[in-house]
Amino acid sequence: MEEQFDPLVAEWLSFVKNPNFNLVEKCLKFAQILEYPDLNVDEYIKKINQIGKSLKETISDVKNPTYLISMLNEHLFENLGFSGDDDDYYNPKNNFLNEVIDKKTGLPITISILYAEIAKFIGLDLKIVGFPSHVLVKYNEEMILDPFYDGRLLDVDDLQDILDTNFGGQLEFQPEFLDEVKPEQILVRLARNLKNSYVQSFVYEKAMRCVNMVLAMEDESSEDIRDKGIIEERLLNYESALKYLNKYLELNPNAEDVDYILELIRSIKTKN
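Before going into details, it helps to say that this report is about the structure given with it.

On inspection of all chains with the given rule, the structure shows 12 aromatic pairs. Residues Phe77 and Tyr115 carry aromatic rings whose centres are separated by 5.8 Å and whose planes lie at 20 degrees to one another, so their mutual orientation is stacked. Of this pair, Phe77 sits in helix α4 (residues 65-79) while Tyr115 is found in helix α6 (residues 108-119), placing the two residues 38 residues apart along the sequence. For Phe77, a relative accessible area of 8% translates into the label buried. Here Phe202 and Tyr204 contribute two aromatic rings whose centre-to-centre distance is 6.3 Å and whose plane-to-plane angle is 80 degrees, an arrangement assigned as edge-to-face. Using a relative accessible area of 12% as the deciding quantity, one classes Tyr204 as buried. Here the basic side chain of Arg226 rests over the ring of Tyr248, its NZ or CZ set 5.6 Å away from the ring centre.

Right, dumping it as structure tokens:
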């Protein structure tokens, strides 16, 4: 779909697609573009390196993964005091890696990104898992870990408990929920998280930038097209709102929220 040019979205997209930058660097660039224009990316890379090197110094020559994970957990959560932010979960700052490093709390996705990065310093190749509503990490296929809760080891019952908590018992565990996600998918998920946080905080201009970041990568994502239409309506851009809401109905004519969207379209037409 045609889109008004936003130089910051274009800058972010080119950074995301550049293979010379890793996930951590892309997350920090995300923060710089959206909220912290003066953020020094190299400074935060150094902070992460310091955490990783200080962990490495505590490790013996034992290469057992269970031992290494226990030492990683002890270092990050007990010694340094990192934790998931249960108290202020929907704070937009929890989506920014620089804030997570500074205040030592974050969301499952941001804590998992940091956790997997620090693990590299002791030779652990942890994969980030796009589990519904709660990002996790895994070592090979046999160890599923939850960095949001101090790196605890999860079994299938634990995984179903997470789904029951977040989906009200309406979603059954599926093995593909434990598939690794690519960096681009992680960044899209971050942008969607932040879009929702900004909408809840009535910061619609920044929510719009987030949804544009997602659509720059997934231009036919029907739910994001819908959300763009809703945000345009909140910004009183009625003509644009109608365009995106109608596009959503074209892409997803049997959507569960079709009645709500049709009512919103009728409401906009009375104002326009």
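Moving on to the nonpolar core. The biggest cluster of nonpolar side chains holds 64 residues, and the ones touching the most others in it are Phe30, Leu72, Ile113, Tyr115, Leu124, Leu126 and Ile128. If we ignore the near neighbours within four places in the chain, the residues touching Leu124 are Pro65, Leu68, Ile69, Leu72, Ala119 and Tyr139. Membership of the second largest hydrophobic core comes to 16 residues, among which are Leu215, Ile261, Leu264 and Ile265.

What counts as what
- Residues numbered from 1 in each chain as written.
- Predicted model: local features only at pLDDT ≥ 70, side-chain atom pairs only at ≥ 80, totals over all residues.
- Heavy atoms only, no water.
- Phe/Tyr/Trp six-rings, centres within 6.5 Å; stacked < 30°, edge-to-face > 60°.
- Helix = DSSP H or I, 4+ residues; strand = E, 2+ residues; numbered from the N terminus.
- Buried < 20%, exposed > 50% of the residue type's maximum accessible area, 1.4 Å probe, protein only.
- Lys NZ or Arg CZ within 6 Å of the ring centre and 35° of its normal.
- Core = buried A, V, L, I, M, F, W, Y, C linked by side-chain atoms within 4.5 Å.
- Contact = heavy atoms within 4.5 Å.

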